[in-house]
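An overview of the molecular structure
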Amino acid sequence: MRVATSTLYNQSKEQISRKNREVLDKNSLISSGKRIRKLSDAPVDASRVAALKTNMSDLTQLQRNVDTGTLWLEGSEESLVRVRDKIDRAKEIAISMVNGIANHDDLQTAALEVDGLIKGVLDQSNTRIDGQYIFSGTRSDTRPFRADNEDSPNTIAYRGNATPFRVKIGPQSDMVVGFAGEEVFSSDTATIDETNNCLDFTEKRAGAAVGEETVLTALVDPGTYSRQGLAHAVEMAMERASADRGEGADYRVSWNESEQTFTIAEEDGLDPAKLDRVSVLFRTGENRHQSVGAFMGFSTDDIATEPSRQPLVSRRGVQWGVFNSLFELRAALNSNDKEGLHQSISRLAADHNNILSSISEAGVRAGRLDTRHDLIKDLNISQDATRSKLEDTDVVRAISDLKLKQFGYESALASTSRLLNTSLLNYLK
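Source: prediction; values computed, not measured.

**Quick look at the overall build of the protein**
- Helix and strand content of the protein: 10 helices and 17 strands.
- Considering only intrachain contacts with a sequence separation of at least 6, the fraction spanning at least 24 residues in the protein is 68%.
- Just so you have it, the protein exposes about 22,800 Å², and 49% of that area is on carbon and sulfur atoms.

Here it is, written out as structure tokens:
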């Protein structure tokens, strides 16, 4: 059967074009480095690659979150360590002034140093990382602590909120990396232990002669108390002491939230008062150096109430925390108040422990973020390896295939050249 020359030509052209496309395709695999360049190349694998890229993008964002959290925690820890050092220095000043022979100039010099410590703690409480305040809770664009007088602060107000700043570190998890500064520098709780759990007081029985008073010591149970809780604990301690060695009086110790004051009095009940007089010995008591009065806002002077049901009221605005402890220390130095210095030592010790707890918390969280950082990094590497296996070109294999395709292309060219090398002379032969 005769085959027309045009048919041979068309078939040869199609074969050469196909071989050329195969060579170009292999060349493109090598030059692009991608096995999947469009969805039709491998629909199933292309879908898996798209999902992997989405996951890797999410992991990258989580990694940035973790890095931000680590930066915040490291900044918090560094600032809190500086605050702890300033508290310790203030405590050293109090101890040296109360135990040594200090004259007026020494006390004034120490008060000036404490004033500098107050401003130093204020600076640290307003620490910023990347322009964000780390002790403002979620109000990180707001300066958390403001003083009434920047040169010599007497009161410091908190402007942040009570919600710590968090970052997302997993699909279903997040972590606190900031602090609500009020919990760190101001406190709603007081820690009572053997250094500050005493309250010396006297009871004068109703109708007793002058000088017939019973001296008692109330021992508050150790623990961490709210203001209301501390009032109740002091009340129980006074009643125990009165029942054991005194007149068995029923006391009323309370916290007034609106006035922010503590009161101490004999219970105002229907029964006649058992006492004519109650005196609290903040200055002359045997245990005045371990007095709980510092946390209740009472001065270091002895105070008394007569009749006994008239309450003894602390000063207004009782607050706890490092700023207030430093204010009290400065005031005690300025007035040469030795008992105030003793009470400052106790309060500063509690502040030291509170700050130390926050430092430890920051360290623990930073450790957790380091673990999360390594986990996210490993996941990213694993998923990128899977993506590369699905999407990227196996270069060694592609080069081998290219050589085969080139050989096939060259063979097709050679055979076509021989097949179509016809002329009239060849035909006549």
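**Digging into the sheet that holds strand 9 (residues 198-205)**
- One open sheet holds the 4 strands; their spatial order is 10-9-14-15, and the pairing between them is antiparallel. Of all strands in the sheet, those with a lone pairing partner are strand 10 (214-219) and strand 15 (303-305), marking the two edges. Each neighbouring strand pair of the sheet contributes to a mean axis angle of 25°, computed without reference to strand direction.
- Here 3 bridges tie strand 14 (residues 275-280) to strand 15, and the two strands are oriented antiparallel to one another. Each bridged residue has a counterpart across the sheet, and for valine 280 the counterpart in strand 15 is isoleucine 303.
- Across the sheet, helix 5 (residues 227-245) lies against strand 9 and strand 10, angled at about 140° from strand 10, the strand it touches most.

**Re the packing of helix 3 (residues 104-125) against helix 7 (residues 322-334)**
- Two elements in contact, helix 3 and helix 7, have axes separated by 8 Å at closest approach and are oriented at 165°. In terms of orientation, helix 3 and helix 7 fall into the roughly antiparallel class. Helix 7 is crossed by helix 3, and the crossing has left-handed handedness. When helix 3 is examined against helix 7, the residues Leu107, Gln108, Ala110, Ala111, Val114, Asp115, Leu117, Ile118, Val121, Leu122 and Ser125 are found in contact with a partner set consisting of Val322, Phe323, Leu326, Phe327, Leu329, Arg330, Leu333 and Asn334.
- Here the residues of the contact of helix 3 with helix 7 sort into 14 nonpolar, 3 polar and 2 charged.

**Things to note about the sheet that holds strand 13 (residues 261-266)**
- Strand order in this open sheet of 3 strands is 12-13-16, and the pairing throughout is antiparallel. The two strands at the open ends of the sheet, each matched to only one other strand, are strand 12 (251-256) and strand 16 (312-313).
- Relative to strand 16, strand 13 runs antiparallel, the two being bridged by 2 bridges. By the bridge assignment for strand 16, isoleucine 264 is matched with leucine 312.

**As for the packing of aromatic side chains**
- In total, this model carries 11 aromatic pairs according to the counting rule given.
- A centroid spacing of 5.8 Å and a plane angle of 85° characterise the contact between phenylalanine 201 and tyrosine 251, whose relative ring orientation is edge-to-face. Highlighted residues: phenylalanine 201 in strand 9 and tyrosine 251 in strand 12, separated in sequence by 50 residues. There is no split in this pair, since phenylalanine 201 and tyrosine 251 are both buried.
- Taken together, the ring pairs connect Phe135, Phe145, Tyr158, Phe179, Phe185 and Phe323 into an aromatic cluster.
- The ring of tryptophan 320 carries arginine 227 above its face, with NZ or CZ at 4.4 Å from the centroid.
- In this arrangement the basic side chain of arginine 365 is found over the ring face of phenylalanine 179, its NZ or CZ atom lying 5.0 Å from the centre.

**Structural notes on the pairing of strand 14**
- Of the pairings in the sheet, the one linking strand 9 to strand 14 comprises 5 bridges and is antiparallel in character. When the bridges of strand 14 are listed, phenylalanine 201 appears paired with valine 280.

**Description of helix 5**
- Helix length check: helix 5 (19 residues) gives 27 Å between terminal C-alpha atoms against 27 Å at 1.5 Å per residue, within 8%.
- All of the buried residues in helix 5 are Arg227, Leu230, Ala231, Ala233, Val234, Glu235, Ala237, Met238, Glu239, Ala241 and Ser242.

**A closer look at the environment of arginine 316**
- Structurally, arginine 316 is set in the loop between strand 16 and strand 17 (320-321).
- Overall, the relative accessible area of 64% leaves arginine 316 in the exposed class.
- When the C-alpha positions of arginine 316 and serine 258 are compared, they lie 9.6 Å apart, and in sequence the two are 58 residues distant.
- Filtering out sequence-adjacent residues up to four positions away, arginine 316 remains in contact with Glu259, Gln260 and Thr261.
- Only 3.0 Å separates the side chain of arginine 316 from the side chain of glutamate 259, close enough to count as a polar contact.

**A few points about the pairing of strand 9**
- In terms of burial, strand 9 is a largely internal element, 7 of the 8 residues being buried.
- Pairing geometry for strand 9 and strand 10, over 6 bridges, is antiparallel. Opposite threonine 202, over in strand 10, you have valine 215 as the bridge partner.

**Details of unusual backbone geometry**
- Residue proline 307 is reached from glutamate 306 by a cis peptide bond, and omega for that bond is 5°.
- Topologically, proline 307 is positioned in the loop between strand 15 and strand 16.
- With phi around 55°, glutamine 260 is a residue other than glycine that occupies positive phi space.
- Within the element layout of this structure, glutamine 260 appears in the loop between strand 12 and strand 13.
- Despite not being glycine, asparagine 336 has its phi angle at roughly 50°, a positive value.
- Considering the arrangement of structural elements, one finds asparagine 336 in the loop between helix 7 and helix 8 (338-391).

Rules used in this analysis
- Residues numbered from 1 in each chain as written.
- Predicted model: local features only at pLDDT ≥ 70, side-chain atom pairs only at ≥ 80, totals over all residues.
- Heavy atoms only, no water.
- Helix = DSSP H or I, 4+ residues; strand = E, 2+ residues; numbered from the N terminus.
- Contact = heavy atoms within 4.5 Å.
- Areas by Shrake-Rupley, 256 points an atom, 1.4 Å probe, with all protein chains shown as cover.
- Pairing = 2+ DSSP bridges.
- Axes fitted to C-alpha atoms, helices over the stretch in contact; angles between N-to-C directions.
- Parallel < 35°, antiparallel > 145°, perpendicular 65-115°, else oblique.
- Left-handed = near helix turned anticlockwise from the far one by under 90°.
- Nonpolar A, V, L, I, M, F, W, Y, C, P; charged D, E, K, R; others polar.
- Phe/Tyr/Trp six-rings, centres within 6.5 Å; stacked < 30°, edge-to-face > 60°.
- Buried < 20%, exposed > 50% of the residue type's maximum accessible area, 1.4 Å probe, protein only.
- Lys NZ or Arg CZ within 6 Å of the ring centre and 35° of its normal.
- Expected span 1.5 Å × (residues − 1).
- Polar contact = N/O pair within 3.5 Å; in protein donor to acceptor, adjacent residues only side chain to side chain.

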